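So you can see what is in the structure, the chains are spelled out below.
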Amino acid sequence: IISGGSIFTTSKGYPGYFDRTGKNINPLLNHKIFSERIAPALKISKRFFGDEPDDFVTRQLNVTALEYLPKHGVDVKIINRLTFNGMPVSAKNVRKMYFCQQFDQMRMLVPKFVFEHLKKLRNINKLK
């Protein structure tokens, strides 16, 4: 297992991922680059994706990966997203809770040190 960092999904290979307007959602170039260049060079035969129930752009990446990559020798595994009280645990949802000051809910979704850090940021921003 290696970190993908910024090389596995880039604005060149999947501009719709970064655009977020819904106009340019075609991750096939991303999968082509991965299956033709990255996977062979690193001897990758399996790729993991996280389930994205609330994000159309990322869901498209996952759906097309399931269709495209196995045809090119790469097994695809979609890992179910952790949920809490029926809500997907995601940075997107934590950001919403932070900006809406829903700290009691947020406390249940993040590690203690993250929660404490976000509370400190909130207090610092109140002073500004």
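Residues numbered from 1 in each chain as written. Predicted model: local features only at pLDDT ≥ 70, side-chain atom pairs only at ≥ 80, totals over all residues. Heavy atoms only, no water.

### Considerations on the pattern of salt bridges
Item 1. Using the criterion set out here, one finds three salt bridges in the structure.
Item 2. A salt bridge links Asp75 to Lys77; the shortest N-O distance between them is 3.5 Å.
Item 3. Among the salt bridges present, the one from Lys119 reaches Glu116, with a minimum N-O distance of 3.9 Å. Of this pair, Lys119 and Glu116 both sit in helix 6 (residues 112-127), three residues apart, roughly one helical turn.
Item 4. With a relative accessible area of 28%, Lys119 lands in the partly exposed category. (Salt bridge = Lys/Arg side-chain N within 4 Å of Asp/Glu carboxyl O. Helix = DSSP H or I, 4+ residues; strand = E, 2+ residues; numbered from the N terminus. Buried < 20%, exposed > 50% of the residue type's maximum accessible area, 1.4 Å probe, protein only.)

### A short note on the pairing of strand 2 (residues 75-79)
Item 1. The sheet contact formed by strand 1 (residues 46-50) and strand 2 spans five bridges and is parallel. Of the residues in strand 2, the one forming a bridge with Gly50 is Ile79. (Pairing = 2+ DSSP bridges.)

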